[in-house]
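Structural description and commentary
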Amino acid sequence: MRGIFLNLLQCSLSASAAVILLTLLSRLLRKKTRPKLRLTCWLFVALSLLIPFRPQIFSLPMPSFISSFGESAATRLDGRLNPEGFMDQSNIAEPQPGEQSGSAGAAIANGNAAAEQAETAAAEGKPLDFATVLATVWALGFVIAVAVCILRHILFLRAVKRWGRPVHGEASALMDEIRQELGIKRSFRLLTSPVISVPALAGFFRPAVVLPGEVIGEDKLRFIFLHEALHHKRRDNWIKLFSFLATAVHWFNPFAHLLNRAVITESEAACDLAVLRHAGADKRFQYAETILFTAKSGGHAKSRLASAFNKKGGNLQRRLGSIIETPSSKRWVSAICAAALFIGLLLPMGVSGFQAQADTPEDDLPRLKDLYEDYFLIGASGDLGILESQPYHLLIRQFNSFTFENEMKPQYIQEEEGSFRFARVDEIMDSLRDKDISLVGHTLAWHQQTQSWMWDDADKAQERLEAHIEAVMRHCGPDIAYIDVVNEVFTNSFYIEDWRDSLHGGGWFDVLGEDFIEIAFRKADEMRREIGRPDLKLYYNDYSLHMPGKAHAVYKMVTELRAKGVPIDGIGLQAHFDHSTPVISVRKTLELFNSIPGIEVSVSELDIGMFSSMGNGGLNTQEDALQSKIYAELFALFKEYAAGPANPDETKRLITRVTFWGINDDANWRDGQYPLIFDSEFAPKGAFYAVADPEGFLAELI
Ligand code: GLA
């Protein structure tokens, strides 16, 4: 509901800006532009009121009254942590004896208490959801506006029918003559009716031209018929209907009503101009006289969906002015004006840059990249979709590192031998180049997501591995800061003396044995020097490294190879965890890796799957609290091992980067497990606040 409202408001706001601008431009350029052009521009704005998509030209910060719009007591009390105080303890009951104890239990109890509070508030009938109330008011307004319009139109048609008398004879023959002149196939019903005071065109499918009861001379009648027939030909009643609908949707916005008036005025003016095509001064004066003649009764059509020849309250003076003196529009002037109007329109519509931001409720959040600036880089992974406005916006605000989740994998980069496709990688690199984001390449040598032709021929395997590494390093190396050279070579074994016994088969290993690891790192090293990037960090990356057996295998391999001079700079601890991952095991692994002199560690693919929530549409309060707690414990630990200067213990400066595997829950491979810190709407989950201040979060739990 809140989302719908935000869209509607943003639509209305950006269109209002366009209305103001277009009003100014039309006034300025009235003499230089034709009404048809101006009408087109107005219709363009009306369309923008109905379609909530905007070209995103630039982004403006979203006014906070919009970003907080519709936030209800319920959403603030839904058991999540609040941005300032983390866990709001003020109204939370202490866990009772027999309830779950310990910090997880406390977190769950806290969540329950807050949820109960929200329920109580709802039961007491407090105004929990302001947005819903406003949405109801809006819907009512819309229904009333449409109903009144339809009712008036029906009454108008009925009155015309009831009191109308068909016109035959000369007037009818004149109407037919004009219709044929204009090439209109459908015949018009021609009526006179005492209930109307100005001539009008009514009906969408079976048009009727209705004349007031008084006698009108033939010369004037000709103009009136021509005018109404042209209205029909130009589908002006449909245009009115369309503009009315846009106004009805935005009935609360006075600028929408201005727009509707402008559409009516310009469609009249365009029609006048069409009537006077090729007309000399005499005819113009006669036409003006006809308008004055019908204006004296001062009436209107009594329906918003009928075209009246003359409208009460219309700007008669201006209308007559343009009739006597048609704008001297030259083609090139029109073209320039059209361009100016178009740009003028697009710019305020670009205000809807905050269209995207409106759906990114993280704008006022603390930024993780700032909070962790002196500890380690904070990253997220993604594919080309990261460049869409919402994920991109979130990435730029919260993170200072980005990992290519799939686009750099061999499967996509080199599907066929020798034919490299870097377009998608390039697009991302180009968009992130000046954004102060460290890029992480992933991955060069892996037994998965790699075409099997690479290792099918044992004699060519090494050459192919090296050729692949050479091409990727040459192309991407200048832009990236890290690269996972080798990915996942170990099984999840128990402790084994020789690391080689823990290697699983497949891919490069089957043809080159464990040597492929060394070959890959040496080639990557050779290339980083060749491209002048000796600082580019070369990583070994693996999952389940919190398991002691696997951690030891990696420890032994890395220690042994480094001792031989194989240039492995870092270990990527993937960290695909879940609700049962013991954080103490992660600590043990970090201790172990910290004992390798000179090595660095990146938490490279962090996510915490919550299996029990699978398919439930989101985490419940308890799961959110539990996930938050695990994230808090992990980040408190990561800070203890942070490589940055904020870590007071210089002997434990190990972790240079922590990367979440995806930008939000929807962009993660663990479908339905809601494993990340932003939800599918890009809103922060409890876990976000736990990550933002892990110690504070944990202190509140105890
Ligand atoms: C491993 C790989 C990643 C990714 C995940 C699943 O961790 O390193 O590239 O494929 O599996 O998404």
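The structure this text deals with has already been given above.
This is a predicted model, so every value here is computed, not measured. (Residues numbered from 1 in each chain as written. Predicted model: local features only at pLDDT ≥ 70, side-chain atom pairs only at ≥ 80, totals over all residues. Heavy atoms only, no water.)

What about the side chain of threonine 290?
Its place among the elements puts threonine 290 in helix α11 (residues 281–295). Within polar-contact distance, the side chain of threonine 290 engages the backbone oxygen of glutamine 286 at 2.8 Å. Apart from the residues within four sequence positions on either side, threonine 290 is in contact with Lys220, Phe223, Ile224 and Phe309. (Helix = DSSP H or I, 4+ residues; strand = E, 2+ residues; numbered from the N terminus. Polar contact = N/O pair within 3.5 Å; in protein donor to acceptor, adjacent residues only side chain to side chain. Contact = heavy atoms within 4.5 Å.)

A look at the site of the ligand
Residues in close proximity to the ligand include Lys409, His442, Trp446, Gln449, Asn487, Glu488, Gln574, His576, Glu605, Trp661 and Trp669, which together make up its full environment. Lysine 409 places a side-chain nitrogen or oxygen 2.7 Å from an oxygen atom of the ligand. Here the ligand, which alone exposes 300 Å², has 88% of that area covered by the protein. For the shell around the ligand, the per-class residue count stands at 3 nonpolar, 5 polar and 3 charged. (Near = heavy atom within 4 Å. Areas by Shrake-Rupley, 256 points an atom, 1.4 Å probe, with all protein chains shown as cover. Nonpolar A, V, L, I, M, F, W, Y, C, P; charged D, E, K, R; others polar.)

Notes on the pairing of strand β10 (residues 537–542)
Note on strand geometry: in a regular strand, side chains alternate between the two faces of the sheet. Most of β10 is tucked away: 5 of the 6 residues are buried. As judged from the 4 bridges shared by β10 and strand β11 (residues 570–573), these two strands associate in the parallel manner. Looking at the pairing, tyrosine 539 lines up with glycine 570 of β11. You can see the chain leave β10, run along helix α23 (residues 548–563) and come back into β11, and the turn it takes is right-handed. (Buried < 20%, exposed > 50% of the residue type's maximum accessible area, 1.4 Å probe, protein only. Pairing = 2+ DSSP bridges. Right-handed = clockwise from strand over helix to strand, strands pointing away.)

A short note on the nonpolar core
Phe593, Leu606, Phe635 and Phe638 are the most contacted members of the largest nonpolar core, which has 104 residues in total. What phenylalanine 638 contacts, discounting residues up to four positions off in sequence, is Phe376, Val586, Leu590, Val603, Leu606, Ile655 and Val658. Formed by 31 residues, the second largest nonpolar core is a distinct cluster that contains Leu182, Ile224, Leu276 and Leu320. (Core = buried A, V, L, I, M, F, W, Y, C linked by side-chain atoms within 4.5 Å.)

A look at helix α9 (residues 236–249)
Look at α9: 20 Å from first C-alpha to last across 14 residues, which is about the 20 Å you get at 1.5 Å a residue. Every buried residue of α9 is listed here: Asp236, Asn237, Ile239, Lys240, Ser243, Phe244, Ala246, Thr247, Ala248 and Val249. (Expected span 1.5 Å × (residues − 1).)

Thoughts on the pairing of β11
In β11, alternate side chains face the same way, and those of Gly570 and Gly572 on one face and Ile571 and Leu573 on the other are all buried. Across 4 bridges, β11 lies against strand β13 (residues 600–609) in parallel orientation. Bridge pairing in β13 links isoleucine 571 to valine 601.

Let's talk about the pattern of salt bridges
Counted by the stated rule, this structure contains 32 salt bridges. The partner of glutamate 518 in a salt bridge is lysine 564, with the nearest N and O atoms 2.6 Å apart. Pair noted here: glutamate 518 is in helix α22 (residues 515–530) and lysine 564 is in the loop between α23 and β11, with a separation of 46 residues, a long-range link. Its relative accessible area of 18% is what places glutamate 518 among the buried residues. Note that aspartate 525 is salt-bridged to arginine 529, the shortest N-O span being 3.2 Å. With aspartate 525 and arginine 529 both in helix α22 and 4 residues apart, the pair spans about one turn of that helix. Overall, aspartate 525 belongs to the buried group, its relative accessible area being 13%. (Salt bridge = Lys/Arg side-chain N within 4 Å of Asp/Glu carboxyl O.)

So, the packing of aromatic side chains
For the structure shown, the criterion picks out 21 aromatic pairs. When the centroid spacing of 6.0 Å and the interplanar angle of 5° are considered together, the rings of phenylalanine 420 and phenylalanine 422 count as stacked. A relative accessible area of 28% places phenylalanine 420 in the partly exposed class. Ring centres of tryptophan 455 and tryptophan 508 lie 5.2 Å apart, and the angle between their planes is 80°; on these two criteria the pair is classed as edge-to-face. Of this pair, tryptophan 455 sits in helix α19 (residues 453–456) while tryptophan 508 sits in helix α21 (residues 508–512); the two residues are 53 residues apart in sequence, bridging distant segments of the chain. For the pair tryptophan 455 and tryptophan 508, a shared accessibility class is recorded, and that class is buried. Between the NZ or CZ atom of lysine 220 and the centre of the ring of phenylalanine 293, over which it lies, the distance is 5.3 Å. When the ring centre of tyrosine 641 is taken as origin, the NZ or CZ atom of lysine 652, which lies over that ring, is 4.8 Å away. (Phe/Tyr/Trp six-rings, centres within 6.5 Å; stacked < 30°, edge-to-face > 60°. Lys NZ or Arg CZ within 6 Å of the ring centre and 35° of its normal.)

Nothing here speaks to function; it is geometry throughout.
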